[in-house]
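As a plain string of letters, each chain reads:
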Amino acid sequence: MDQTHVAGEIEADQVLLTEKQVLDRLGEMAAQIEADYEGKDLLLVGVLKGAVMVMADLARSLNRHVEMDWMAVSSYGSGTKSSGVVRILKDLDTDIKDRHVLVVEDIIDTGLTLSWLITNLKSRGPASVEIATLLRKPEAVTMDVDVTYVGFDIPNAFVVGYGLDYDEKYRNLRCIGTLSPHVYS
Ligand code: XMP
Ligand code: MG
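Criteria and cut-off values
- Residues numbered from 1 in each chain as written.
- Chains lettered and ligands numbered in written order.
- Predicted model: local features only at pLDDT ≥ 70, side-chain atom pairs only at ≥ 80, totals over all residues.
- Helix = DSSP H or I, 4+ residues; strand = E, 2+ residues; numbered from the N terminus.
- Buried ≥ 20, exposed ≤ 12 C-beta atoms within 10 Å, placed from the backbone.
- Contact = placed C-beta atoms within 7 Å.
- Pairing = 2+ DSSP bridges.
- pLDDT = per-residue confidence, 0-100.
- Core = buried A, V, L, I, M, F, W, Y, C linked by C-beta atoms within 7 Å.
- Expected span 1.5 Å × (residues − 1).
- Arc of directions from axis to C-beta.

Regarding the overall build of the protein chain
- Secondary structure summary: the protein chain contains five helices and nine strands in total.
- Shown N-terminal to C-terminal, the secondary structure of the protein chain runs as helices and strands in the order α-β-α-β-α-β-β-β-α-β-β-β-β-α.
- Here the protein chain holds 185 residues, and the buried ones make up 30% of them.
- Taking the contacts inside the protein chain whose residues are at least 6 apart along the sequence as the reference set, 65% of them involve residues at least 24 apart.

Some words on the sheet that holds strand S8 (residues 159-160)
- Reading across from one edge, S1-S9-S8 is the order of the three strands in this open sheet, with antiparallel pairing throughout. Every interior strand has two partners, whereas the edge strands, strand S1 (15-17) and S8, have only one.
- Of the pairings in the sheet, the one linking S8 to strand S9 (residues 176-178) comprises two bridges and is antiparallel in character. Bridge assignment links Val160 to a residue of S9, and that residue is Gly177.

A closer look at the confidence of the model for the protein chain
- The pLDDT averaged across the protein chain works out to 90; a share of 87% of its residues lies at or above 70.
- Predicted as a complex, the structure gets a pTM of 0.91 and an ipTM equal to 0.90.

Some details on the nonpolar core
- Grouped together as the largest cluster of nonpolar side chains are 41 residues, with contacts concentrated most on Leu58, Leu102, Val103 and Val104.
- Setting aside its immediate chain neighbours within four residues, Val103 contacts Val45, Val47, Leu117, Val129 and Ile131.

With respect to the environment of Gly50
- Position of Gly50 relative to the elements: it lies in the loop between strand S2 (43-48) and helix H3 (52-61).
- For Gly50, a count of 19 C-beta atoms within 10 Å corresponds to the partly exposed category.
- Gly50 sits 114 residues away from Leu164 along the chain, and the two C-alpha atoms are 5.2 Å apart.
- Ignoring sequence-local partners within four residues, the contact set of Gly50 consists of Asp106, Ile107, Gly163 and Leu164.

Section: helix H2 (residues 19-36)
- The terminal C-alpha atoms of H2 lie 26 Å apart, and with 18 residues this matches the ideal 26 Å at 1.5 Å per residue to within 8%.
- Within the sequence span of H2, burial applies to Val22, Leu26, Met29, Ala30 and Ile33. End-on view of H2: buried residues confined to an arc of 110 degrees, all on one side of the axis. Set apart from the buried face of H2 by more than 90 degrees, the exposed residues are Lys20, Glu28, Gln32 and Ala35.

Quick look at the structure:
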């Protein structure tokens, strides 16, 4: 697919993170994860759909065996704000009892969705549950969920690309950018 065509609607000064910046940072996070989980089995749990790209590149940066599983959740909310009331659309295939689970996320905004998810996963008796997210917005810093691995703290703007969508578009951009206002109208 011609990325320049897709990227056409994101102006150059709207690029927040290049593909190289993202991959370099994921490499650093992977090194940390390898060290922290040495000698332990590891199950990566990706949250669909946004975390698909992060999962693919983080998992391939890991120089060790991992398993991967997926969940899809939907947050009831009005407009773009999540309410913290969550419904499971697709549950894990894996029994996580006594497993070391690392939840892989694209972005944490208010943290409400993730907070619910972590409580849900912990009720299944895993050996541990930690979180790795590529992006974190300012509001999330104050939430009561500990995030062990954070790629980038970003400004409070709506971002797309690298798995993140606006109306299901832009997920396939290699970079991460903020949307030009004309795209909304
Ligand atoms: P909370 O607020 O519960 O929500 O942490 C996290 C989820 O909200 C979506 N989200 C975004 N999606 N660009 C996106 O494409 C953004 O800037 C953005 N901020 C939040 C996303 O689905 C995330 O999992
Ligand atoms: Mg998400």
